[in-house]
Amino acid sequence: VASDQAKVYNSASWMNDLPIGVFDSGIGGLTVLKELIKRFPRESFIYLGDTARVPYGTRDKETIKRFSIELVDFLLKQKVKALVVACNTMSSVALSEIKNRSTVPVIDVISPTVKLAAKNARDKIGIIGTRATINSRAYEKAFQELGVKIEARECPLFVPLIEEGVIDSKATEIIAKTYLDGLKVDYLVLGCTHYPLLSKVIQKVIGKKVRLIDSAHPTADALRNLLSSSDLSADSNIKPSYKFYVTDDTKKTEEVARLFFDNKLPAKLQKVTV
Ligand code: DGL
């Protein structure tokens, strides 16, 4: 996972009240956004989900990079003060490109999650993610640097199932059993921001003793550090605003997005072109 420590950003006080851009290939990033809204009640957020082109995880690197840059450009045009890549696939394949393109600081989901998981690791950590994430070996490399052993599995059918709202179903359980068969770990990293929606099924299949780790909490911690170190926290008493953008027809998506927010979506979904 690349670092952008050397990059210097302009930050002026008027920037503090700008929203934070959060993006994903679809609606999976809403698992991260939900946590961010809870943890940062004064911050405004713009969410962008590329529902017209989800899933990214089965595509090649060049395509994922190209799509990622288009999402970044769209959010920068909306004037944001920071970006959260709420997608493991983009974080693992396109992070350097995203950071190079961005004129505001960028947080990814992998580095914070690895740090948290490594702290808890006893024996071996399991990682599940999209094909692109697992093939990139981003998690493997990051854990290796910390001396932690991992076993990684790709679960390409999980994202389409979730985007379709097929969550607590027998079919999902059978697919989860196939993917997780024989995996012996203490901790399992949900290396895709869609997967927390399947945590009930995953937990049932892998057993109660295995602890599931998702990216939402560690990513929120990383955002807190960024906002305080760059002095970018919202400092006015203005009510925060939320905008939810998607790139395809919003009807089915909105129905599924409600599941992420226990049926109370903070804003209506609006269709945009990136
Ligand atoms: N939420 C994305 C992730 O974290 C899903 C990727 C996809 O579109 O396949 O990897």
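Use the structure listed above.
This is a predicted model, so every value here is computed, not measured.

Each value, and the rule that gives it
- Residues numbered from 1 in each chain as written.
- Predicted model: local features only at pLDDT ≥ 70, side-chain atom pairs only at ≥ 80, totals over all residues.
- Heavy atoms only, no water.
- Pairing = 2+ DSSP bridges.
- Helix = DSSP H or I, 4+ residues; strand = E, 2+ residues; numbered from the N terminus.
- Near = heavy atom within 4 Å.
- Areas by Shrake-Rupley, 256 points an atom, 1.4 Å probe, with all protein chains shown as cover.
- Nonpolar A, V, L, I, M, F, W, Y, C, P; charged D, E, K, R; others polar.
- Axes fitted to C-alpha atoms, helices over the stretch in contact; angles between N-to-C directions.

1. Looking at the pairing of strand S9 (residues 242–246)
Here's step 1: Examined bridge by bridge, strand S2 (residues 45–49) and S9 share five bridges and lie parallel to one another. Note that in S9 the partner of Phe45 across the bridge is Tyr242.
Here's step 2: The sheet contact formed by S9 and strand S10 (residues 269–271) spans three bridges and is parallel. Bridge pairing links Tyr245 to Gln270 in S10.

2. A word on the site of the ligand
Here's step 1: Neighbouring the ligand are 14 residues; Ser25, Tyr56, Thr89, Thr193 and His194 lie closest to it.
Here's step 2: When the ligand is considered free in solution it has 300 Å² of accessible area, and contact with the protein chains removes 100% of it.
Here's step 3: Its residues assigned to classes, the shell around the ligand comprises six nonpolar, seven polar and one charged.

3. Observations regarding the sheet that holds strand S7 (residues 187–191)
Here's step 1: Taken in spatial order, the four strands line up as S6-S5-S7-S8 in an open sheet, and their pairing is parallel. Each edge of the sheet is formed by a strand with only one pairing partner; in this case those strands are strand S6 (149–154) and strand S8 (211–213). The sheet shows a mean angle of 25 degrees between the axes of neighbouring strands, direction not considered.
Here's step 2: As paired strands, strand S5 (residues 124–129) and S6 are joined by six bridges and run parallel to one another. The partner of Gly129 across the bridge, within S6, is Glu154.

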